[in-house]
Amino acid sequence: MSKISITIFGGTGDLTYRKLMPAIYNLFSRNLLGENFKVCAIGRRDYSNEEYLEIIDSWIKEFARLKIKEERLLEFYKHIEYYKMDFTNLDEYSGLNKFYENTSFDNNLVYYAVSPSFFEVISDGMLRVNNLKNPKIILEKPFGSSMKNAKFLSEKLDKNFNSENIYRIDHYLGKEMVRNILTIRETNPLISKVWSKDDIESIEITALETVGVETRGNYYDEAGALKDMVQNHLLQILTIVALDNPNGVLADEQLDVLKNLRPIEKMDIKKSVVLGQYKGYRQEDKVNPSSSTETFAGIKLFVDNKRWKNVPFFIKTGKKTSEREIEVLVKFKRIKDDINPNVLVIKIQPTEGVYLEFNIKTPGEDGITTAKMEFCQNCNLIFRLNTPEAYERMILACIENDSSWFSKWEQIELSWKFIDELKQAYIKNNIPIYEYEVGSDGPVEYNLIK
Ligand code: BG6
């Protein structure tokens, strides 16, 4: 088995605590990391190794998918080291070499779990870490802060590292039900035969969260919902739903959909986009008190190709809404005005499953009524226990050199182009950022574009 090292920049960040450490623990519990692996968590805070382990202990216990066995956990901790360094200072990088000098690690992951504004300096710093051979660089989203900036970073990474070793992660592609969209499309003639403008009236892709910006005010206030969720997660789901050939090469198929997105200049922005901000956002920690950053985005867009001509795709995402819900809702065309349409919902989170509405004769009477059928996948304990978390799956894929579910540069570039132009058009048209109540469904103005 290869000797694995995982170096994490952003070792004291929310992402590492909440997602990465529990995911790495899960992989360890599944015996997938070997005996010689090492995790080096890098942060600026002045923690001793013991203090750091004490902190991650409670996060792992709360968030690890697999049952915690105390002995196993203590074993796991022997492989974790905390290293205090200022990663904006290039001179400090050579100090990292000592972590890798006694073992010849041959499968080296370097996770940039930090804001994209640090990607450049870390990439330069890593050139000074000679003991880490052929590193695989995992870049957390968003990749860059605009198309221009993303392009600059992409060139820098290609220059400093082997381009095959660059893994641009979008953890939504590690979610079980996002992957299931392709299987559901591919294996059910009942669905695949009607997957086009001829039978579908509209598609809604929703990602709502009850949480706000939590401890990430700094980053989020720069990003907003468009860059934090739409440019990546939601366009990823949209391209999977809309791609032509579920058996084709995923990245190529997704790219094809992005190329066919209706250009912003052909969209009526006022009738296509609504941005909102939840009440109280400006009082959040590390948020500008006069911020105009959006915490909600609702967009109506079109994929102008043969399959999807004139079918509206609605994308909706928001923080501090009434419920947590990530799903794809497909509304089919009615066969008659007075008969309800078929509806298919692929539920991604928190429920994982499939929901279907179809028509039957009203039992015992002559009318027509709608029957509702629901399959809840994560209600089944065995299914739940056997389903890796998104980050667990993506980190394992990187260990195994499987880049098929990571984004290619061209996808990132086109998604940025779309988001940059959309934002500019929104501002140019003087459309306000609508305020919405915490615990609501977002700004009421969204209903006007639907
Ligand atoms: C992250 C965003 O990528 O995804 C967060 O930066 C968001 O703002 C999170 O809360 C949602 O991920 P999940 O897996 O909890 O749906």
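From a predicted model like this one, the values you see are computed outputs, not experimental measurements.

Next up on the list: the side chain of D420. Relative to the assigned elements, D420 resides in helix α12 (residues 409-428). Look at D420: it is buried, it has no salt bridge, and the nearest opposite charge is K227 at 5.2 Å. Excluding residues that lie within four positions of it along the chain, D420 makes contacts with S146 and M147.

What follows deals with the site of the ligand. Around the ligand, the structure places 14 residues, and the nearest of them are K175, E209, R216, D228 and H233. Between the ligand and the protein, one listed contact pairs an oxygen atom with a side-chain N or O atom of H171 at 2.7 Å. One of the side-chain nitrogen or oxygen atoms of K175 is found 2.6 Å away from an oxygen atom of the ligand. Relative to its unbound accessible surface of 400 Å², the ligand loses 86% to contact with the protein. Here the shell around the ligand takes 3 residues from helix α8 (residues 217-242), the largest share from any one element.

Another point: the packing of helix α1 (residues 14-29) against helix α2 (residues 49-63). Packing of α1 against α2 leaves a shortest axis separation of 9 Å and a crossing angle of 70°. Classified by the angle between their axes, α1 and α2 sit roughly perpendicular to one another. When α1 is examined against α2, the residues D14, T16, Y17, R18, M21, P22 and Y25 are found in contact with a partner set consisting of Y52, I55, I56, W59, I60 and F63. Its residues assigned to classes, the contact of α1 with α2 shows 10 nonpolar, 1 polar and 2 charged.

Relative to each other, α8 and α12 sit at 130°, their axes nearing to 10 Å. Relative to α12, the element α8 lies oblique. You can see that α8 and α12 cross each other, and the crossing is right-handed. Along the contact surface, α8 presents L226, K227, V230, Q231, L235 and Q236, while α12 presents Q411, I412, S415, W416, F418, I419, L422 and K423. For the contact of α8 with α12, the per-class residue count stands at 8 nonpolar, 4 polar and 2 charged.

Moving on: the state of the cysteines. Working definition of a disulfide: a covalent bond connecting the sulfur atoms of two cysteines. Inspection of every chain in the model, using the stated rule, returns 1 disulfide. Left without a disulfide partner, C40 is nearest to the cysteine sulfur of C398, which lies 16 Å away. The class of C40 is buried, set by a relative accessible area of 1%. Residue C398 is classed as buried on the basis of its relative accessible area, which comes to 0%.

What follows covers the environment of E209. Mapped onto the fold, E209 is located in the loop between β7 (200-208) and α8. Judged by relative accessible area, which is 16%, E209 ranks as buried. In the structure, E209 is positioned 147 residues away from E62 in sequence and 19 Å away in space, judged by C-alpha atoms. In this structure, E209 is in contact with G318, K319, K320, T321, E323 and R324, ignoring residues within four places of it in sequence. Within the local environment of E209, its side chain forms a polar contact with the side chain of K319, the two groups lying 2.7 Å apart.

At 3.6 residues per turn, the α-helix brings residues three or four places apart onto the same side. At G224, α8 shows its maximal kink, close to 100°. Along α8, 24 of the 26 residues are buried, which leaves the element largely enclosed by surrounding structure.

Turning our attention to the side chain of R168. Following the sequence through the fold, R168 ends up in strand β6 (residues 166-168). Of the side chains with opposite charge, D158 lies nearest to the buried R168, which makes no salt bridge, at 4.9 Å.

The 6 strands are arranged β3-β2-β1-β4-β5-β6 in an open sheet whose pairing can be described as parallel. The open sheet has two edge strands, β3 (80-84) and β6, and neither has a second partner. Within this sheet the neighbouring strands show an average axis-to-axis angle of 20°, counted without direction. Note: strand β2 (residues 38-43) against β3, 5 bridges, orientation parallel. Its bridge partner lying in β3, A41 is registered against Y82. Each of β1 (4-9), β2, β3 and β4 (107-112) touches α1; the most contacted strand, β1, lies at about 175° to it.

On the surface, a cluster of negative charge is made up of D46, E50, E51 and E54. Along the polypeptide, D46 turns up in the loop between β2 and α2. Of the residues examined, D46 reaches a relative accessible area of 65% and is grouped as exposed.

Together, F375, I382 and F383 give the surface a local cluster of nonpolar side chains, amounting to about 290 Å² of exposed area. For F383, the position within the fold is in helix α10 (residues 381-385). With a relative accessible area of 39%, F383 lands in the partly exposed category.

Moving on, we get to the packing of aromatic side chains. The full count for this structure, using the stated rule, is 27 aromatic pairs. Here F28 and F37 contribute two aromatic rings whose centre-to-centre distance is 5.6 Å and whose plane-to-plane angle is 50°, an arrangement assigned as tilted. No difference in accessibility class separates F28 from F37, as the two residues are buried. Here the aromatic residues F9, F87, Y93, Y112, F118, F119, F143 and W409 are joined through ring pairs into a cluster of three or more. It is R44 that lies over the ring of F87; its NZ or CZ is 5.1 Å from the centre.

Conventions we followed
Sequence order as written defines the numbering, with residues in each chain counted from 1. A pLDDT threshold of at least 70 governs which residues receive local features in this predicted model, and a stricter bar of 80 or more applies before side-chain atom pairs are shown or counted, although totals over entire chains, interfaces and linings include all residues. Just so you know, side-chain values use all the structure's heavy atoms and leave hydrogens and water out. Strands are runs of DSSP state E lasting at least two residues, helices are runs of H or I lasting at least four, and both sets are numbered from the N terminus onward. Only protein chains enter the accessibility calculation, which uses a 1.4 Å probe; a residue is then buried when its area is under 20% of its type maximum, exposed when over 50%, and partly exposed in between. In this tally, Asp and Glu contribute negative charge and Lys and Arg positive charge; neither His nor the terminal groups of the chain are included. Any Lys or Arg side-chain nitrogen found within 4 Å of a carboxyl oxygen on Asp or Glu counts as a salt bridge. We call two residues in contact whenever any of their non-hydrogen atoms come within 4.5 Å of each other. Here a residue counts as near a molecule or strand whenever at least one of its heavy atoms sits within 4 Å of it. Here a polar contact is taken to be a pair of N or O atoms separated by no more than 3.5 Å, where protein atoms must pair a possible hydrogen donor with a possible acceptor and residues adjacent in sequence count only if both atoms sit in side chains. Accessible areas in this description were obtained via Shrake-Rupley with a 1.4 Å probe; residue shielding takes into account the shown protein chains only. Here, axes are lines fitted to C-alpha atoms. For helices the fit covers the stretch in contact, and angles between N-to-C directions go from 0 to 180 degrees. Throughout this description, any angle smaller than 35 degrees is read as roughly parallel, any larger than 145 degrees as roughly antiparallel, any in the 65 to 115 degree range as roughly perpendicular, and the remainder as oblique. Under the scheme applied here, ten amino acids are nonpolar (Ala, Val, Leu, Ile, Met, Phe, Trp, Tyr, Cys and Pro), four are charged (Asp, Glu, Lys and Arg), and all others, including Gly, are polar. Handedness of a crossing follows from how the near helix is turned relative to the far one, being left-handed for an anticlockwise turn of less than a right angle and right-handed for a clockwise one. The term disulfide is used for any two cysteine sulfur atoms that are within 2.5 Å. In this analysis the local bend is the angle between axes fitted, respectively, to the seven residues ending at and the seven residues starting at the residue. Should DSSP find at least two bridges between two strands, the strands are regarded as paired. The patches described consist of residues with a relative accessible area above 30% and no salt bridge, like charges being joined within 9 Å and nonpolar side chains (Val, Leu, Ile, Met, Phe, Trp, Tyr) within 5 Å. The atoms used to mark charge sites are NZ of Lys, CZ of Arg, CG of Asp and CD of Glu. Side-chain rings of Phe, Tyr and Trp (the six-membered ring for Trp) are treated as a pair once their centres are within 6.5 Å; stacked means planes under 30 degrees apart, edge-to-face means over 60, and tilted covers the remaining angles. A ring is scored as having a charge over it whenever the NZ atom of a lysine or the CZ atom of an arginine sits within 6 Å of its centre and within 35 degrees of its normal.

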